[in-house]
Amino acid sequence: MDHDHSYKLLFTHPEMVADLLRGFVREDWIKELDFSTLEKINGSYVSDGLRERHDDVIWRIRWGKTQSDKTDWLYVYLLLEFQSSIDWFMAVRIMTYVGLLYQDLIRSKAVKTNEPLPSVLPIVLYNGDPRWQAPTDIADLITPVPGGLERYRPHLHYLLLDEGSYHEHELAELRNLAAALFRLENSRSPEDVQQVLRALIVWLQSPQQSNLRRAFTIWLKRVFLPGRMPAVAFDEIQDLQEVTNMLSERVKDWTKNWKQQGIEEGRREGLQEGKMDLLLRLLEWRFGAVNEAISARVKQADSPTLELWSKRILTAQTIEEVFAD
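Note that the coordinates shown come from a computational prediction; the quantities given were computed from them, not determined experimentally. (Residues numbered from 1 in each chain as written. Predicted model: local features only at pLDDT ≥ 70, side-chain atom pairs only at ≥ 80, totals over all residues. Heavy atoms only, no water.)

What am I meant to see in the environment of Q194 here?
Along the polypeptide, Q194 turns up in helix α6 (residues 190–203). Each C-alpha atom, one on Q194 and one on V243, is 9.2 Å from the other, the two residues being 49 residues apart in sequence. (Helix = DSSP H or I, 4+ residues; strand = E, 2+ residues; numbered from the N terminus.)

So, in structure tokens, the structure goes:
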């Protein structure tokens, strides 16, 4: 999809990845990273089922020091998630992808026998409308077990960056390219967008940043602006400054479309909430009290899925049958 490709293009630039880590991984060890060593690596891994993944972006960066005074690599696995509903089993996918990454490093002899595997930071970058509620650790998806069996329960945590969960005031305080992207995605008025564009033009004015500047322009004209102004053609736009000039000229049309879009989105959100509430009431009426896990799945589902589950209530003998795949 165009949206996925445009986002992936942005995060093939080291400046975007560096700002994502600096601005949104708020942990002390970030200070140990050497950002001058950021290096993009091959992101296509083949599983035993010969299924390939081409959509994720993988970087590595040197950090810390070992006892031999040599630096180690940290692999950053960036999974870009663009879908209207939340993947409840994302932690399973992450565990699989990290395993494939390690297999590839072993197969290519990047890691030799008796050497430790490098650290991996899995990041899920999500820009859907519902706030993310799925577990971020594989252990939370697995039934707790008693006694000594607990030690065989796997743990693998991923870092979730839910764009819509950040407030404008905290993003605006950052002189940060990733934050600027989030602000554009979360923007609620033409003025918000113009403010971010003016900042990007200043930040990306050097010749060395021309490719990243172009990547932002491509995303704006192919994905962002057509979603806000579907009746306008943007093919002739080639630069961020041209985007700003065009928007200034068409601000009235833009504002009108923006307001109409807001009304329609509000209408859709209201209908979606109504379907969720109705399904939860029907489940409780048919099967008794609904636990938190089921409630979370209902709140994350898209409209067609809610309709399917509502129909299944009529014939299902157990609540598990309603949610069977």
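Past the structure itself, the notes keep going.
What's the story with the side chain of R183 in this structure? I'm lost.
Note that R183 resides in helix α5 (residues 177–186). A polar atom in the side chain of R183 sits 3.5 Å from the side chain of Q195. In this view, R183 contacts E168, L171, A172, Q195 and V196; residues no more than four positions away in its chain are not counted. (Polar contact = N/O pair within 3.5 Å; in protein donor to acceptor, adjacent residues only side chain to side chain. Contact = heavy atoms within 4.5 Å.)

Help me understand the nonpolar core, please; the structure alone is not making it clear to me.
Note on soluble globular proteins: their nonpolar side chains tend to be buried together. F11, L21, L200 and F216 are the most contacted members of the largest nonpolar core, which has 60 residues in total. Considering every element that reaches this core, the biggest residue donor is helix α7 (residues 210–228), with 8 residues. (Core = buried A, V, L, I, M, F, W, Y, C linked by side-chain atoms within 4.5 Å. Buried < 20%, exposed > 50% of the residue type's maximum accessible area, 1.4 Å probe, protein only.)

Help me understand the sheet that holds strand β7 (residues 159–162) in this model?
Backbone-to-backbone hydrogen bonds pair the strands of a sheet. The strands run either parallel or antiparallel. As summarised here, the arrangement of the 5 strands in space is β1-β4-β5-β6-β7, forming an open sheet in which the pairing is mixed. Both edges of this open sheet fall to β1 (33–41) and β7, since each of them pairs with a single strand only. Each strand of the sheet is rotated relative to its neighbour by a mean of 25 degrees, with strand direction disregarded. The pairing of strand β6 (residues 119–126) with β7 spans 4 bridges and is classified as parallel. For Y126, the partnering residue across the bridge sits in β7 and is D162. Sheet contacts for helix α2 (residues 14–24): β1, β4 (57–63), β5 (72–81), β6 and β7; angle to β1, the most-contacted strand, approximately 130 degrees. Running over the sheet, helix α3 (residues 90–107) touches β1, β4, β5 and β6 and is turned about 140 degrees from β5. (Pairing = 2+ DSSP bridges. Axes fitted to C-alpha atoms, helices over the stretch in contact; angles between N-to-C directions.)

Even after reading the chapter, I still don't get the pattern of salt bridges, so can you show me in this structure?
Two side chains bearing opposite charge may form a pair once their charged atoms approach each other closely. Counting across every chain of the model gives 8 salt bridges. A salt bridge links D87 to R93; its shortest N-O distance comes to 2.7 Å. Its relative accessible area of 21% is what places R93 among the partly exposed residues. The shortest N-O distance in the salt bridge between R107 and D104 comes to 3.4 Å. A residue pair is termed a helical-turn pair when its members lie 3 or 4 positions apart in one helix, as R107 and D104 do in helix α3 at 3 residues. (Salt bridge = Lys/Arg side-chain N within 4 Å of Asp/Glu carboxyl O.)

I would appreciate a short explanation of the packing of α5 against α7 in the present structure.
Geometry of a packed helix pair, given as the angle between the helix axes and the separation of the axes. With their axes 12 Å apart at the nearest point, α5 and α7 run at an angle of 10 degrees to one another. With respect to α7, the axis of α5 lies roughly parallel. Relative to α7, the crossing made by α5 is right-handed. Between α5, through L177, L181, L184 and E185, and α7, the contact on the second element is made entirely by L212, F216, W219, L220, F224 and R228. Each residue belonging to the contact of α5 with α7 can be placed in one class, and the counts come to 8 nonpolar, no polar and 2 charged. (Parallel < 35°, antiparallel > 145°, perpendicular 65-115°, else oblique. Left-handed = near helix turned anticlockwise from the far one by under 90°. Nonpolar A, V, L, I, M, F, W, Y, C, P; charged D, E, K, R; others polar.)

Explain the pairing of β4 to me, please; I cannot follow it from the model alone.
For a regular strand, side chains alternate in direction, first toward one face of the sheet and then toward the other. The element β4 is extensively covered by neighbouring structure, given that 5 of its 7 residues are classed as buried. Inspection of the sheet shows β1 paired to β4 by 5 bridges, in the antiparallel sense. For L33, the partnering residue across the bridge sits in β4 and is W63. Sheet topology note: the β4/β5 ladder contains 7 bridges and is antiparallel. Across the sheet, the residue bridging to W63 is D72, located in β5.

Is there a simple way to think about the packing of aromatic side chains in this case?
We describe a pair of aromatic rings using the distance from one ring centre to the other and the angle between the two ring planes. Scanning all chains against the criterion turns up 7 aromatic pairs. A ring pair is formed by Y126 and W132, whose centres lie 4.9 Å apart and whose planes are at 65 degrees; its orientation type is edge-to-face. Look at W309 and F323: their rings are 4.6 Å apart centre to centre, the planes differ by 65 degrees, and that puts the pair in the edge-to-face class. A residue pair is termed long-range when its members are at least 10 positions apart, and W309 in helix α11 (residues 303–312) and F323 in the segment after α12 (319–322) qualify at 14 residues. A single burial state applies to W309 and to F323, both of which are buried. Taken together, the ring pairs in this structure connect F24, Y166 and F182 into an aromatic cluster. For R22, the ring lying beneath its charged end belongs to F35, and the centroid distance is 4.0 Å. Positioned over the ring face of W73 is R60, at 3.8 Å from the centre of the ring. (Phe/Tyr/Trp six-rings, centres within 6.5 Å; stacked < 30°, edge-to-face > 60°. Lys NZ or Arg CZ within 6 Å of the ring centre and 35° of its normal.)

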